[in-house]
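Listed below, chain by chain, are the residues.
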Amino acid sequence: MEKLKKLFKDHRNPQPSNFRTADAALGLKELWCGEAPIVDIVAIHGLDGHRETSWTGKQEKLWLRDFLPQKIPYSRILTYGYDANTHGQSQLSEQTIEDHGETLISKLALFRRGSNTMERAIIFIAHSLGGIVLKCALNYSHYTGSKSNLDHRSISLSTSGVIFLGTPHLGAHIAELASTLLKLRGFVQKVNNKVLNDLKPDSVILQRHLHQYISISESFDTKLFYEIYATNSSAVIEGLKGEVISLSKNHIEMAKFEDADDDDFKTVAEHLRHMSHEAYAKVAQRWAEYKKSPMYQHSKPIMVEVTCFSYFRPIPLAYPS
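Residues numbered from 1 in each chain as written. Predicted model: local features only at pLDDT ≥ 70, side-chain atom pairs only at ≥ 80, totals over all residues. Heavy atoms only, no water.

With that settled, the discussion passes to helix H4 (residues 97–114). Compared with the 26 Å implied by 1.5 Å per residue over 18 residues, the 26 Å span of H4 between its first and last C-alpha is a close match. Asn 116 sits one or two positions beyond H4 and adopts a positive phi of about 55°. (Helix = DSSP H or I, 4+ residues; strand = E, 2+ residues; numbered from the N terminus. Expected span 1.5 Å × (residues − 1).)

Once that is clear, we can look at the packing of helix H6 (residues 150–158) against helix H10 (residues 263–290). Running from N to C, H6 and H10 cross one another at 135°; their axes reach a closest spacing of 10 Å. Judged by the angle between their axes, H6 and H10 are oblique. Here Leu 150, Arg 153, Ser 154, Ser 156, Leu 157 and Ser 158 of H6 come into contact with H10, specifically with Val 283, Arg 286, Trp 287 and Tyr 290. Residue classes in the contact of H6 with H10 are distributed as 5 nonpolar, 3 polar and 2 charged. (Axes fitted to C-alpha atoms, helices over the stretch in contact; angles between N-to-C directions. Parallel < 35°, antiparallel > 145°, perpendicular 65-115°, else oblique. Contact = heavy atoms within 4.5 Å. Nonpolar A, V, L, I, M, F, W, Y, C, P; charged D, E, K, R; others polar.)

Another point: the pairing of strand E6 (residues 159–165). Of all 7 residues that make up E6, 7 are buried, and the element is covered over most of its length. In this structure, E6 lies alongside strand E8 (residues 221–227), joined through 5 bridges in parallel fashion. Looking at the pairing, Gly 161 lines up with Asp 221 of E8. (Buried < 20%, exposed > 50% of the residue type's maximum accessible area, 1.4 Å probe, protein only. Pairing = 2+ DSSP bridges.)

Glancing now at the packing of H4 against H6. Between H4 and H6, whose axes approach to 8 Å, the crossing angle comes to 90°. The orientation of H4 relative to H6 falls into the category roughly perpendicular. Residues Ile 105, Ser 106, Leu 108, Ala 109, Arg 112 and Arg 113 of H4 form the contact with H6, whose participating residues are Asp 151, His 152, Ile 155 and Ser 158.

Here we take up the pattern of salt bridges. Across all of its chains, the model carries 14 salt bridges by this definition. Of the charged contacts in the structure, one is a salt bridge between Arg 65 and Asp 66, with a shortest N-O distance of 3.0 Å. Asp 264 serves as the salt-bridge partner of Lys 249, at 2.8 Å between the closest nitrogen and oxygen. Of this pair, Lys 249 sits in the loop between strand E9 (243–247) and H10 while Asp 264 sits in helix H10, placing them 15 residues apart in sequence. (Salt bridge = Lys/Arg side-chain N within 4 Å of Asp/Glu carboxyl O.)

Quick look at H6 now. Burial analysis of H6 places 9 of its 9 residues in the buried class, the great majority of the element. Looking only at H6, the buried set comprises Leu 150, Asp 151, His 152, Arg 153, Ser 154, Ile 155, Ser 156, Leu 157 and Ser 158. Two or three places before Asp 151, at the opening of H6, Asn 149 has a side-chain oxygen 3.0 Å from that residue's backbone nitrogen. (Polar contact = N/O pair within 3.5 Å; in protein donor to acceptor, adjacent residues only side chain to side chain.)

The next point concerns the environment of His 271. For His 271, the position within the fold is in helix H10. Residue classification places His 271 among the buried positions, given a relative accessible area of 18%. Along the backbone, His 271 and Lys 223 are 48 residues apart, and their C-alpha atoms lie at a distance of 8.3 Å. Ignoring any residue separated from it by four or fewer positions in sequence, one finds His 271 in contact with Lys 223, Phe 225, Glu 243 and Ile 245.

Taken together, the 7 strands give an open sheet; going across it, the order is E1-E3-E2-E5-E6-E8-E9, and neighbouring strands pair in mixed fashion. Edge positions in the open sheet fall to strand E1 (27–33) and E9, since each of these has one partner strand only. Looking at each pair of strands side by side, their axes are set apart by 20° on average, direction ignored. Relative to strand E3 (residues 75–81), strand E2 (residues 39–44) runs parallel, the two being bridged by 6 bridges. Residue pairing across strands places Val 39 opposite Ser 75, the latter belonging to E3.

Here is the structure:
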């Protein structure tokens, strides 16, 4: 019971998930853009998280914005918000973890297309549940996007590296405990069982996406960070290749750093810096190879010439199915 109290100490007065204010921000937000960025760093928060406060320490420092640009000035840093609330006083999102993954790909692809950066290298930073959402997203981009939609396919093609922060790859026992506790408070709370069920140990959805992700992640530079003050999550698993690194934090604090001298921040930032140095050439080569493939010829827009007032103008048609 003491573990339950500690786990939910930050959720004593939760906001309903449809409480939409400036603080309940969804979608992508640009935190930093260097003069000539060569890599996009995209952060994805975890369960009951927020695209800014989940990365903000007690001193109100958002390290992605306040510390990281000094380490990687040639980057564009984005943070992504989605409705990962598991409880609330009113209406809850009906999206599953897979739905969240597909939405991430759609919004990120649209954002990058609008800024003409579809082929720019990407490094993802995902905390807790955000890592599962990311795996669903990259699987969708690779397997579904490859059929017809080059915009969606471009995300997995451009992904150079992934940092997982305490992601429960095989599920977490806290999902069952969380569901039980929240139901006990059901007289004021509604519970999103769709997300909680997907987080249970050995969830079929988790297993499927893990196996699919392992098969596509050989070309990703993967870092598996885990907290030394553990919450019994499966942050490190057999089969998922990557460097395993510890942080002197608990599950919540491992996504927050108080200042640039924090030893854990230095560790994460230095790994990001090395990953960024390698990202440009790796992704450029991947795109060059992909453009030679029949799949690219099928995916790219078809251009036709249409006569209009005695001149020709190329008009892109819809992507072929």
